[in-house]
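The residues making up each chain are set out below.
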Amino acid sequence: MFSRFKMLEQKENIISNSMINNHKIVIQIEHLKKSFNGNNVLKDINLTVREGENLVILGKSGIGKSVLIKCIVGLIYPDAGSLKVFGKEVAEMNPRELNVLRTRVGFIFQGNALYDSMTVRENLEFPLRRNKTITDPYVIEELIVDTLENVGLVDAIDKMPSELSGGMKKRIGVARTLILKPEIILYDEPTTGLDPLTSREISNLILKIQNKYNASSIIISHDLNCSKITSDRMMILHEGIIRTEGTFDELKSSDDEWVRSYFKID
Amino acid sequence: MRDTKKHNIRLGFFVAIGVLLFILGIYYIGSQINIFSKKIQISGIFTDISGLKVGNNARFSGINVGTVSKVQIINDSLVRVDISIQENVRQFIRKDSKMEIGSEGLMGNKIVNIYTGSINVDIIEEGDILETIEVVQIDKILRQLNTSSINTAIITKNVAEITDKINRGEGAFGKLFADTSFSNNLSRIGKNTAKLTNNFADITDKISKEEGTIGMLLSDTVLANQLFLTGGNLQKSTQNLVEITEQINRGQGLFGEIFTDTTFTSGLSRVGKNLDYTTEKAKILSDNLVKITNEINEGQGLIARLIYDTAFADSIEIAVQNVNKSAKEVEEAANVVKRNWLIRLFSKKEK
Amino acid sequence: MNLNIKKIFRNEAPKSNHNEFDLSRFKNVESFLNEIGGLSRFTGNFFRELFRPPYEHKELLKQTYSIGLSTLPLIGITAFIMGLVLTLQSRPVMAEFGAESWLPGMVSVSIVREIGPVITALICAGKIGSGIGAELGSMRVTEQIDAMEVSGTNPMKYLVVTRVIATTFMIPILVFYSDAISFFGSYIAVNMHGFISFPLFINQAFDSLHYYDLIPATIKTFFFGFAIGIISCYKGYFSENGTEGVGKAANSAVVISSLVIFIIDLIAVQLSEVFHVFSI
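Residues numbered from 1 in each chain as written. Chains lettered and ligands numbered in written order. Predicted model: local features only at pLDDT ≥ 70, side-chain atom pairs only at ≥ 80, totals over all residues. Heavy atoms only, no water.

Asker: With reference to specific residues and values, describe the environment of A:Leu143.
Answerer: Residue and element names in this part refer to chain A. Residue placement: leucine 143 occurs in helix H5 (residues 137-151). Take leucine 143: its relative accessible area is 14%, and that puts it in the buried class. In this structure the C-alpha to C-alpha distance between leucine 143 and leucine 180, which are 37 residues apart in sequence, comes to 9.5 Å. Setting aside residues up to four positions removed in sequence, leucine 143 forms contacts with Leu128, Ile134, Ile179 and Lys181. (Helix = DSSP H or I, 4+ residues; strand = E, 2+ residues; numbered from the N terminus. Buried < 20%, exposed > 50% of the residue type's maximum accessible area, 1.4 Å probe, protein only. Contact = heavy atoms within 4.5 Å.)

Asker: Before we move on, could you go through the pattern of salt bridges and cite the residues and values that matter?
Answerer: The tally for this structure, following the rule as stated, stands at 24 salt bridges over all chains. Among the ionic pairs, A:Arg233 bridges to A:Glu53, the shortest N-O distance being 2.8 Å. In this pair, A:Arg233 is assigned in strand S9 (residues 233-238) and A:Glu53 in the loop between strand S2 (39-50) and strand S3 (54-58), connecting sequence segments 180 residues apart. The partner of C:Arg113 in a salt bridge is C:Asp213, and the shortest N-O contact between them spans 3.0 Å. A residue pair is termed long-range when its members are at least 10 positions apart, and C:Arg113 in helix H6 (residues 103-141) and C:Asp213 in helix H10 (residues 211-237) qualify at 100 residues. Because the salt bridges share partners, they merge into one network encompassing A:Lys70, C:Arg140, C:Glu143 and C:Asp146. (Salt bridge = Lys/Arg side-chain N within 4 Å of Asp/Glu carboxyl O.)

Asker: Can you lay out the packing of helix H4 (residues 57-68) of chain C against helix H8 (residues 155-192) of chain C for me, pointing to particular residues and giving the numbers?
Answerer: All names here are of chain C. Between H4 and H8, whose axes approach to 8 Å, the crossing angle comes to 40 degrees. Relative to H8, H4 is oriented oblique. Crossing of H4 over H8 shows right-handed handedness. Of the residues in H8, those touching H4 at Glu59, Leu60, Gln63, Thr64, Ile67 and Gly68 are Tyr158, Thr162, Arg163, Ile165, Ala166, Thr167, Met170 and Leu174. Across the contact of H4 with H8, the residue classes tally to seven nonpolar, five polar and two charged. (Axes fitted to C-alpha atoms, helices over the stretch in contact; angles between N-to-C directions. Parallel < 35°, antiparallel > 145°, perpendicular 65-115°, else oblique. Left-handed = near helix turned anticlockwise from the far one by under 90°. Nonpolar A, V, L, I, M, F, W, Y, C, P; charged D, E, K, R; others polar.)

Asker: For the interface of chain C and chain B, give the residues involved together with the corresponding values.
Answerer: Between chain C and chain B, the residue contacts involve 24 residues of the former and 24 residues of the latter. Interface of chain C and chain B: buried area, both sides summed, is about 2,200 Å²; carbon and sulfur atoms make up 80% of it. Here chain C and chain B share zero salt bridges between them. The interface formed by chain C and chain B holds four residue pairs in polar contact (both at pLDDT 80 or more) in total. Breaking the side of chain C that touches chain B down by element, the ones donating at least two residues are H4, H8, helix H9 (198-207) and H10 of chain C. Counting residues per element, the side of chain C that touches chain B draws most heavily on H8(C), at six residues. (Buried area = accessible area lost by both parts, 1.4 Å probe. Polar contact = N/O pair within 3.5 Å; in protein donor to acceptor, adjacent residues only side chain to side chain.)

Asker: Please give an account of helix H7 (residues 196-213) of chain A that cites residues and values.
Answerer: Side chains three or four residues apart in an α-helix point the same way, a direct result of the helix having 3.6 residues per turn. All names here are of chain A. With 18 residues, H7 should cover 26 Å at 1.5 Å per step; its first-to-last C-alpha distance of 25 Å lies within 8% of that length. Every buried residue of H7 is accounted for by Thr198, Ser199, Ile202, Ser203, Asn204, Leu205, Ile206, Leu207, Ile209 and Gln210. Phi turns positive, to about 50 degrees, at asparagine 214, one or two residues after H7. (Expected span 1.5 Å × (residues − 1).)

Asker: Describe the side chain of A:Lys34, and please don't skip the residues or the numbers.
Answerer: Mapped onto the elements, A:Lys34 comes out in strand S1 (residues 25-36). A distance of 2.9 Å separates a polar side-chain atom of A:Lys34 from the backbone oxygen of A:Tyr77.

Asker: Can you lay out a nonpolar patch on the surface for me, pointing to particular residues and giving the numbers?
Answerer: A cluster of nonpolar side chains, contributed by C:Leu259, C:Ile263, C:Leu266, C:Ile267, C:Leu271 and C:Val274, occupies part of the molecular surface with about 570 Å² of accessible area. A relative accessible area of 41% means that C:Leu259 is categorised as partly exposed. (Patch = residues over 30% accessible without salt bridge, like charges linked within 9 Å, V, L, I, M, F, W, Y side chains within 5 Å. Areas by Shrake-Rupley, 256 points an atom, 1.4 Å probe, with all protein chains shown as cover.)

The structure is reproduced here in structure tokens:
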């Protein structure tokens, strides 16, 4: 039963994939460079993300995948190159424009980054109160419950983050991003540290969100299962450049031995 | 939400108490240095403020009533000290109150003492300048006194010699006594001397009886000047007497017919009388000085305060000794003169 | 690109192992200067954010509560013991000079001028400084600070400004408490060897105090508070290297703020003299 469901999803993906090429570009990165202490992490990155597509960036740990998506929300500024989100250069945005951008681009951190000192409710309220002009507590409450329903964790509303399991934290992290209804969602290693079952749940959640909110996503991962479920398109980042690009199946059956080495574990 | 409110109330309480403590501190310190009470400004002019600083306390009857607010040099010898005094003690300070610089405690913080004035004088007003008590230069006066007494001693010696010679009827004086103008002169000088001694005695008498505060008396510059002047005159006149009597002794003068002239003898009698008076006064003077010095020695009375160095005390003692000695000599001399047959003879006649 | 470079500087910590703090670091002049430069820039950012709306009232109140009120019991106990011990220690010397009646005055001056502010600030540097250092450090390490930034909240404003304001204004208030409680401790100590009524004690204590004792001492406590806040926030905000970095951030927050408290005190002594001259 599960496999049938999966197949159905993949089918849908393929259909949407063909349509996506006509969609407008939401993220465009050209010749992006970034180095830390003379260590060139990103050498020359070129990529585009279209509306409604899930892009998985595969790569080993510590090669600057996180740096790349942090550049997109302006947490890190590139040394050179152009990085346009919704057609606007991120590095040239003023703080107000940056704030607007950040409401449209959701970021899900590797460690979830839930605020320890706040309950789940307050965690979800936090971005809401600061970015939307909603002040009516009933509307806020409704939105929170609604979003928690989407991630299936309404019960946890009054819990503290320390009381939650890893998977639950991840879901709350996702919910906190979703509450602003972002147009682009950036996932930083969403399945790291989770058991295989929970990983699959989270991967499916990502897919579900994509369908429900019609959001574009960049998913940084080294988890092949996750990539397989979520990706419309994949890229492999290696030594500061995008080495190769294609769908999961294309890459898996690549002629290049080096590319295929990434899929060996499966 | 309720939790936040509870927290806020507690926080408010905490901050309010904290600020209250600070305000209490400010207020308490303020009440100690009286920063909040209304103040008036008075001043005093001193020649020496011995290290008084802005912020030092001003005391009235031993109570802190104000602080020194300004110290300003006004010319090469005078310093003006401004003091802010609490308005509520103004009613006790009179316009003739005096200021003095003293020191408080062992550590010797300088303070300004304000002394009570006379009850019938007006209350001080803003900007008044009070009289100040300076350390009077008494040693100067004493120096004069000393010279005078030495002179007096010489006079009496001379007079004694004269009368002795007269007694023995030594010739050279025949001419001398005939000169009336001389005897008148002598008489006048004697009179003056007597008057001066009188003044001097009066002053010292006042001091010894402690009429008023001695500090005040000595601080009174008018009085001090008077004393100084008197001393000067006394010195001058005694000097004159010395010269004259010496002249007589040396047998100078051109007068031979004295014994026939009665005016002379009556004049001489007057001289004797005056000399007598002078002697008496000199005695009182020396007595007074002895009393004062005793007091000083025993550390009694207010005058003890005036003594700030031993040199001063020494000079007083020497002066007193001299005066004492001279007074004795004057007395002896006067007795000799009185006993003189010549004068006895003529004085009867005069009577 | 010019703009970019500016932004890079503004948003990123100076690149060095600035969490470590030991004396050998001072031999490395470059890293020492880097530290100072980073802290100065951080302070500059603090002031820029301080006056720029929006203001985080709620968080400020929360921080004020946790910094001010929760430190009070600790301060209270220390202050009481401080007043007690100071009086007991000074008593024999004063008694030797027969100046026991000066004891309240002497103790009050030492408490108000020096011991109250400095001891309170040091305790706060320990308690509050390590708290802030560890809290912000762990927030940095677990990307909570980044999360805050991407959810449209300026972490500088939300985390740093609120905490620095809270320390700047709470430490003086804690010092007032500390002074008052120390006086009480001193009163108890004086009464261990004799009897003196509380009003007389207070009169004697305040007799020796002047505004030039209280005011400069109070002004310097604001600087103490500011130093504790800004240094601890800086250390926490730029902590690195995971959990280890958090520990180091907390540690160096305490060490550096304590050191800076003494440096400020040193400067304050000189400036107090100036105040003394002008205050009369």
